[in-house]
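So you can see what is in the structure, the chains are spelled out below.
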Amino acid sequence: MCGICGCGEGLTHSHDEQHQHDHSHEHGHDHDHAHSHDHDHQHEHAHAPGLTQARMVQIEQDILAKNNRYADENRRYFSERGMLALNLVSSPGSGKTTLLTETISRLKDEYAIGVIEGDQQTARDADRIRATGVPALQINTGKGCHLDAHRVGHALESLDLPQHSLLFIENVGNLVCPSAFDLGEAHKVVILSVTEGEDKPIKYPDMFHAADLMILNKIDLLPHLDFDSAECIRYAKQVNPRIKVLSLSAKTGEGMESWLKWLKAELALQRIEYA
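Residues numbered from 1 in each chain as written. Predicted model: local features only at pLDDT ≥ 70, side-chain atom pairs only at ≥ 80, totals over all residues. Heavy atoms only, no water.

**Here we look at the overall build of the protein chain**
Here comes step 1: Secondary structure summary: the protein chain contains ten helices and seven strands in total.
Here comes step 2: Across the 275 residues of the protein chain, 52% fall into the buried class.
Here comes step 3: Residue pairs at least 24 apart in sequence account for 75% of intrachain contacts in the protein chain once pairs closer than 6 positions are excluded. (Helix = DSSP H or I, 4+ residues; strand = E, 2+ residues; numbered from the N terminus. Buried < 20%, exposed > 50% of the residue type's maximum accessible area, 1.4 Å probe, protein only. Contact = heavy atoms within 4.5 Å.)

**Comments concerning the packing of helix α4 (residues 96-107) against helix α10 (residues 256-274)**
Here comes step 1: For the pair α4 and α10, the least separation of the axes is 11 Å and the interaxial angle reads 70°. By the angle between their directions, the pair α4 and α10 is classed as roughly perpendicular. Crossing of α4 over α10 shows right-handed handedness. Residues L99, E102, T103, R106 and L107 of α4 pack against M256, W259, L260, L263 and K264 of α10.
Here comes step 2: Its residues placed into classes, the contact of α4 with α10 shows six nonpolar, one polar and three charged. (Axes fitted to C-alpha atoms, helices over the stretch in contact; angles between N-to-C directions. Parallel < 35°, antiparallel > 145°, perpendicular 65-115°, else oblique. Left-handed = near helix turned anticlockwise from the far one by under 90°. Nonpolar A, V, L, I, M, F, W, Y, C, P; charged D, E, K, R; others polar.)

**A short note on the sheet that holds strand β7 (residues 244-247)**
Here comes step 1: Taking strand neighbours across the sheet as the criterion, the seven strands line up as β3-β2-β4-β1-β5-β6-β7 in an open arrangement whose pairing is parallel. Here the strands that pair on one side only, and so sit at the sheet edges, are β3 (136-140) and β7. For this sheet, the mean inter-axis angle between neighbouring strands, taken without regard to orientation, is 20°.
Here comes step 2: Note: strand β1 (residues 84-90) against strand β4 (residues 166-170), five bridges, orientation parallel. Residue pairing across strands places A85 opposite L167, the latter belonging to β4.
Here comes step 3: Along the sheet, helix α9 (residues 229-239) contacts β5 (187-193), β6 (213-217) and β7; its crossing angle with β6, the most-contacted strand, is approximately 160°.
Here comes step 4: Contacting β1, β4, β5, β6 and β7, α10 runs over the sheet at an angle of about 140° to β1. (Pairing = 2+ DSSP bridges.)

What follows is the structure, encoded as structure tokens:
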């Protein structure tokens, strides 16, 4: 289980991810299943009677330190290939997958794109992505409520994307735990639907503080809702003054051009740094 959030002992892998564990990782991930052992070991201690707060803090620090080492390997992988990797985070039902499929349909003829899909169960979202014609790999986390850098690293090996690719990592729907886990991405992008309430940024401040961009999605529904966009944005900037905000509707296409412009600018920046 995750010692940070208390999730998911017995984490499961999709068929694709299990296949990855049968091969060596080209950028330094070992295959002795130490990660799985770590999860089991953490579970033994996280609920042990009499465990001190200091010991719990140490366990959490160890977990994050190990994850950060894998994240650094992923970051080097992206940098060496001039790739832009984005970690998409949100609550369930924010419209994350719809935004992703609509984005891909507009960019796939211009850029090489790949997707890593994180869900507790099923490959439904990955199937939706593959239907657009781009490669997608599903990672099922079982009871786990977030992706980690180790799993993402293995997924990169299987996807084997070309240089200058755009990689979307669609994290498990959860506004808490993914905030603590660096995957090696260039940016965390938090997607908030207008159906969720203006106060999400102050209810879940860690996620909005960790994100560089907030996408306010489903704005086509605003005429039917009691939702104050200005207040929501004010809350987001209260938590994170540097956060950028884009408002759009993936369903109708309103505001999508601003999102695509942001993506293209970030891709161009990655290519400059790669060169």
